[in-house]
Structure formats: structure tokens, C-alpha cells
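# Close look at the chain arrangement
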Amino acid sequence: MQVVPLSMVYSRWPVGQDYWSGGDRAASYPRGMPTHPFHAPRWLLPAELAGLSVDEPRRRRTVRDWAADTALFLVALSFMVVNAEEKPYYAGTVPEWFHTVDPFVTLAACLALWLRRRHPVAVAGFVFVAYLIGDSASGAALVAVLTVAVHRGWLVSVPVALAFLVPSLWFSFANPPPGVPWQAMSAIVFLMFVVPLVWGMAVRSRRQVVAGLRRDAEWTARDHEHRLADARRAERARIAREMHDTLAHRISLISVHAGALAYRTAQAEAGAGRPLEAGDVGAAIDVIHGNARRALVELGDVLEVLRAGEEEPAGPQPRIADIDRLVADAEAVGQRVSMTVECEPTETLRAAVQRTVYRTVQEGLTNARKHAPGAKVEVRVAGAPGEGVVATVSNPLAPGSAPGNAIPGAGVGLAGLAERVALDGGTLEHGAERGCFRLVTRLPWPA
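Residues numbered from 1 in each chain as written. Predicted model: local features only at pLDDT ≥ 70, side-chain atom pairs only at ≥ 80, totals over all residues. Heavy atoms only, no water.

## Some remarks on the confidence of the model for the protein
In low-pLDDT segments, the atomic positions of the prediction should not be examined closely. For the protein, the mean per-residue pLDDT works out to 75, and 73% of the residues sit at or above 70. Counting interchain partners and residues more than four positions distant, the pLDDT-below-50 stretch residues 52-58 has 9 contacts. Scored below 50 in pLDDT, residues 401-410 shows 9 contacts in the model against residues more than four places distant or in partner chains. (pLDDT = per-residue confidence, 0-100. Contact = heavy atoms within 4.5 Å.)

Here it is as C-alpha cells:
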């Protein structure tokens with residue numbers, strides 16, 4: 001059997017004003033949340049829990065409230081009818097005018113009960129005055145005590161109940177019915193007011209529990225939505241980072257070769273250079289085709305990993321040993337690169353750290369190709385177990401390069417690289433120093 005929180009009974013309706021805190025809350029439940037096997041219609045709930053709109057000029061009664069108010073009104077009215085059939089045993093101890101006005105004030109007290117939900121304390125005060133005049137208002141007094149206990153806290157309901165109980169106990173002690181001991185009469189009067197007080201406080205406590213459960217469900221649902229939004233943002237950032245790392249390098253190579261072909265073709269047409277030979281065009285097309293194919297393969301790998309939803313890539317990932325091939329691709333497009341790798345053996349270095357070192361070199365070569373074309377790039381990777389691994393990519397600044405010839409980019413490569421380095425417990429430094437741009441990554445390498 002499935003156990004469902006009590007608050008789910010009320011989760012099928014929009015939430016209006018919170019009865020207990022006065023706040024305006026809007027329910028938002030995550031998809032897939034189990035619903036209660038039975039759904040209580042709103043007309044079976046009290047107005048405080050039915051979720052009526054706060055835009056209404058006043059809280060309207062539900063069908064259940066109308067039925068309860070009618071039943072309590074008839075109960076209070078029945079006391080007046082029963083007492084009207086014969087004079088009470090204490091008729092000789094009170095002034096005669098009490099008996100004259102008793103039916104009228106009792107009827108007024110019963111009618112005032114229709115306002116008990118909006119003004120429980122004021123109605124209780126009016127009923128108290130009527131109760132002091134005649135015993136016919138006893139039913140209205142019981143309903144008033146119950147109402148205050150339901151709609152107000154014990155600091156209010158207990159004094160109201162005592163206000164009715166103390167004079168009743170005194171009167172029953174001073175004027176006990178014939179043949180009934182005063183002890184028994186006092187016990188009856190005591191229970192007559194304590195029972196509705198306890199009953200009302202129990203109803204109020206239950207409604208507070210339900211409201212609290214409902215509030216917790218709403219907060220849980222909102223927290224669930226926030227977590228989903230954060231997960232979506234993190235996934236978008238991850239996709240953008242992986243796309244940049246895998247595609248920017250390849251596309252920059254394609255752009256360089258395509259730009260070189262366009263430039264040499266324009267020079268040949270203007271007569272400022274020799275015409276392109278078939279071998280030159282074929283070599284350039286081979287490089288463009290190869291890098292485009294690799295870009296598509298790497299893109300497919302990234303999408304496969306992202307669809308799998310894994311934190312760590314599932315397929316083979318670039319390592320420090322693959323930096324040679326990365327440099328060779330850069331040199332194939334005319335980029336001058338000087339490389340030094342001094343970190344052996346790399347088998348003890350985590351794959352994630354090796355991938356970050358590879359991405360550092362890749363990002364440095366891509367940035368140099370974009371912002372300092374033709375400049376010599378120096379790549380150095382050094383490290384040892386217990387000392388850490390340091391990857392450095394530096395190139396001279398090129399202030400005279402034309403901005404219009406620069407390869408466009410998203411401008412988030414260094415930000416994504418910094419996030420990678422931080423996740424691996426390292427540090428990233430980059431900036432211009434003495435006419436050179438340096439990109440330095442320091443990562444831990446446990447002994």
C-alpha cells in the first residue's frame with residue numbers, strides 16, 4: 001500500500017492565501033509527483049484549506065462550511081426551543097424581565113453565529129452577554145467557545161472559555177437543580193465548556209499540520225524546480241564548454257587554410273603572385289577535409305557523451321601523449337610551434353588532469369592563431385609525481401595585426417578552461433607580460 005502525505009489531498013487545487021501566515025503562495029508541483037488515490041472536492045473542505053483566491057473581497061464559505069454553520073445554528077436554536085416550553089428551576093432567583101427578554105437576546109445570539117468565522121471574538125462577546133441574561137443561550141455559548149478555539153490560539157480561546165465557565169460554575173454551585181448534587185452539576189458544566197474548547201483546539205492543530213505539510217510540499221516543489229533550472233544551466237554550460245574545446249581548434253585550422261587559399265587566389269588574379277598549382281590546392285583541400293571530418297567525429301563524441309548524461313566522458317579522451325599530434329596539426333597550417341614535454345611517466349597522472357593539460361595547449365594554440373597569426377608559439381609541459389604538472393603556452397603579442405583578419409570566436413575559451421582547472425584542483429594564469437602573452441596551468445600530481 002502506498003503511503004501518501006496528507007497534504008497531497010489538497011494538492012489538486014491552486015493555493016490562495018495561507019490561512020495561518022497571511023502569505024500569498026502559489027503551488028508548483030513537479031511532474032511525476034504521485035497524487036492521492038482519492039481527491040477531496042473543494043466543497044468538502046473548510047474555506048481555510050480550500051485554496052480560495054486572495055483576490056476575492058472576503059473569504060467565502062464552501063458547501064461544507066454552509067452545512068456546518070447551519071447545523072450549529074440549529075443546535076444553538078434548539079436550546080432556546082427546549083427552554084421555552086417550561087420555566088427553568090431557577091426562575092424565582094432572577095428578575096422577571098430576564099424571562100421576558102431571554103428569547104429575543106437568545107435569537108440575536110444565534111443569528112450572530114453566522115458572523116462567527118469573520119469575527120469570532122466579537123461574536124463570543126455578544127453571546128456572553130446574552131448568556132448572562134438567560135440559560136437559553138447555552139447552545140450559542142458552546143458554539144462561540146468552539147469557534148474561538150478553532151480560529152484563534154489558546155491565548156485567546158482559553159480566557160474566552162473561562163469567561164463562560166466561571167460564572168456558570170458559580171451559578172450551578174449557588175443554585176443546583178433539585179435532586180442533583182452541586183458536585184455533579186459543576187462537573188457537567190465544566191465538561192460542557194471544556195469539551196468544545198478541546199475539540200476546537202484539536203481541529204485548529206490539525207489544520208495547522210495540514211497547512212504546514214502543504215507549505216512544505218510547495219517549498220519542496222519550488223526547490224525541485226530551482227534544481228532543475230540549475231541542472232539545465234549547468235548542462236548548457238557543459239555543452240558550450242565541450243563544443244568550444246573540441247570544435248574551436250579544428251574550425252580555426254579550417255579557417256586558416258581557407259583564408260590562405262582565398263588570399264593566394266586573389267594575389268594570383270591581381271598578378272602579384274604565381275597561380276596556385278593543383279598540388280597546392282589539393283594539399284589545402286586535404287587539410288580542410290581532414291579537419292572537417294575530425295570536427296564532425298569529435299562533435300559526435302561530445303553529443304554521445306552528453307546524451308549519456310555521464311559526468312566523465314565515456315570514450316577515449318585526449319592525453320598528454322596526444323599533444324604531439326595537436327602541434328603537428330598546427331604546424332601543418334603554417335603555425336610555428338616550439339614544444340617541450342618533460343613529464344614522465346604519465347601513467348600515474350589522472351586522465352582528467354591529462355585532458356586538462358591537453359585542453360590548455362589546445363586553447364593556447366587556438367588563441368595564438370586567432371590573435372597573433374605568424375608569431376612563434378612556445379609550448380612547455382613539465383611535471384613529476386609529487387611536484388605537480390605545469391603547462392605553459394606563450395607567444396609574442398602582435399599589435400600590428402589587422403582586427404578584421406582575426407578569426408572570430410565565442411570569447412569563452414579561457415573561462416571554460418578556468419572552470420576545468422578549478423575542478424581538477426589547479427590554478428590558471430593568463431595575461432600579457434613583457435610583450436608576450438602567457439597561458440599557464442598548474443595542476444596537482446600526487447606522488
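Structure's up, so let's keep going.
## Remarks on the packing of aromatic side chains
Scanning the model with the defined rule gives 6 aromatic pairs in all. Measuring from ring centre to ring centre gives 6.0 Å for F164 and F193, while their planes differ by 20°; the resulting arrangement is stacked. Linking F164 in helix α5 (residues 154-174) with F193 in helix α6 (residues 182-269), this pair joins segments that are 29 residues apart in sequence. An identical accessibility class is assigned to F164 and F193; each is buried. (Phe/Tyr/Trp six-rings, centres within 6.5 Å; stacked < 30°, edge-to-face > 60°. Helix = DSSP H or I, 4+ residues; strand = E, 2+ residues; numbered from the N terminus. Buried < 20%, exposed > 50% of the residue type's maximum accessible area, 1.4 Å probe, protein only.)

## Notes on the sheet that holds strand β5 (residues 436-443)
In space, the 5 strands of this open sheet follow the order β1-β2-β3-β5-β4, with mixed pairing throughout. Of all strands in the sheet, those with a lone pairing partner are β1 (337-342) and β4 (427-433), marking the two edges. Ignoring strand direction, the axes of neighbouring strands in this sheet form an average angle of 10°. As judged from the 7 bridges shared by strand β2 (residues 377-384) and strand β3 (residues 388-396), these two strands associate in the antiparallel manner. By the bridge assignment, A382 is partnered in β3 with V390. Across the face of the sheet, helix α8 (residues 323-332) comes into contact with β1 and β2 while running at roughly 175° to β1. (Pairing = 2+ DSSP bridges. Axes fitted to C-alpha atoms, helices over the stretch in contact; angles between N-to-C directions.)

## Some remarks on the packing of α8 against helix α9 (residues 351-371)
Direction vectors running N to C along α8 and α9 enclose 10°, while the axes themselves pass 10 Å from each other. Relative to α9, the element α8 is oriented roughly parallel. Contacts between α8 and α9 pair I323, L326 and A330 from the former with V357, Y358, V361, Q362, L365 and R369 from the latter. (Parallel < 35°, antiparallel > 145°, perpendicular 65-115°, else oblique.)

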